[in-house]
Amino acid sequence: MENEETVEISQEQLDVLFDFRDCLLDLVADVSKNEVEVPPYEVIYNGVIFFARMAFDMAPSEEVARETIKAGIETAYEEWVMEERECCPNCSVTH
């Protein structure tokens, strides 16, 4: 973010956030296993809508919401690039 401020976050807070991410992954898996098959990309799309809406609702301004969403996407991409990627179960392509 352009006017990025340093935010101090405790290890306890980080642990809670990592648990939150794990719970989200469990939710995505649960939706994918539902009786009505929902493609993973649709689950992801709806998750992005949900969290983007939260950003616009909770941020002090539209600019802050957009910067937060952009920073989240950039962080996700950086984490994805840093991981060893395996064959994608949905498209049989190695990412």
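Turning to the overall build of the chain, a few remarks are in order. Looking only at helices and strands, one finds three helices and zero strands in the chain. Going from the N terminus to the C terminus, the chain shows its helices and strands as α-α-α. Counting across all 95 residues of the chain, residues that qualify as buried make up 6%. When the accessible surface of the chain is split by element, carbon and sulfur atoms take 57% of a total near 8,600 Å².

Once that is clear, we can look at the packing of helix α2 (residues 40-58) against helix α3 (residues 62-82). Relative to each other, α2 and α3 sit at 145 degrees, their axes nearing to 8 Å. The two elements α2 and α3 cross, and the hand of that crossing is right-handed. Taken together, the residues of α3 that come into contact with α2 (itself represented by A52, A55 and F56) are E62, A65, R66 and I69. Residue composition of the contact of α2 with α3, by class: five nonpolar, no polar and two charged.

Moving on, we get to the confidence of the model for the chain. Residues at a pLDDT of 70 or more form 80% of the chain, whose mean pLDDT is 82. When mean pLDDT is compared element by element in the chain, α3 scores highest at 93, while helix α1 (residues 11-32) scores lowest at 87.

An ideal rise of 1.5 Å per residue puts 27 Å on 19 residues; α2 measures up with 27 Å between its terminal C-alpha atoms. By the burial criterion, the buried members of α2 are V43, A52 and A55. All buried residues of α2 lie within an arc of 165 degrees about the axis, which places them on one face of the element. Exposed residues on α2 whose side chains face more than 90 degrees from its buried face are Y45, R53 and D57.

Once that is clear, we can look at the packing of aromatic side chains. This structure, assessed with the given rule, holds three aromatic pairs. Seen in terms of ring centroids, F20 and F51 are 6.3 Å apart; in terms of plane orientation they differ by 85 degrees. Their pairing is edge-to-face. Taken together, the positions of F20 in helix α1 and F51 in helix α2 put the pair 31 residues apart, joining distant regions of the chain. Residue classification places F20 among the partly exposed residues on the basis of a relative accessible area of 42%. Here the aromatic rings of Y77 and W80 are separated by 5.7 Å at their centres, their planes lie at 40 degrees, and the arrangement is tilted. Residue Y77 and its partner W80 are located together in helix α3, separated by three residues, close to a single helical turn. When its relative accessible area of 52% is taken as the criterion, Y77 is described as exposed. The structure contains a cluster of three or more aromatic residues connected by ring pairs, namely F20, F50 and F51.

Reading the values: rules and limits
Residues numbered from 1 in each chain as written. Predicted model: local features only at pLDDT ≥ 70, side-chain atom pairs only at ≥ 80, totals over all residues. Heavy atoms only, no water. Helix = DSSP H or I, 4+ residues; strand = E, 2+ residues; numbered from the N terminus. Buried < 20%, exposed > 50% of the residue type's maximum accessible area, 1.4 Å probe, protein only. Areas by Shrake-Rupley, 256 points an atom, 1.4 Å probe, with all protein chains shown as cover. Axes fitted to C-alpha atoms, helices over the stretch in contact; angles between N-to-C directions. Left-handed = near helix turned anticlockwise from the far one by under 90°. Contact = heavy atoms within 4.5 Å. Nonpolar A, V, L, I, M, F, W, Y, C, P; charged D, E, K, R; others polar. pLDDT = per-residue confidence, 0-100. Expected span 1.5 Å × (residues − 1). Arc of directions from axis to C-beta. Phe/Tyr/Trp six-rings, centres within 6.5 Å; stacked < 30°, edge-to-face > 60°.

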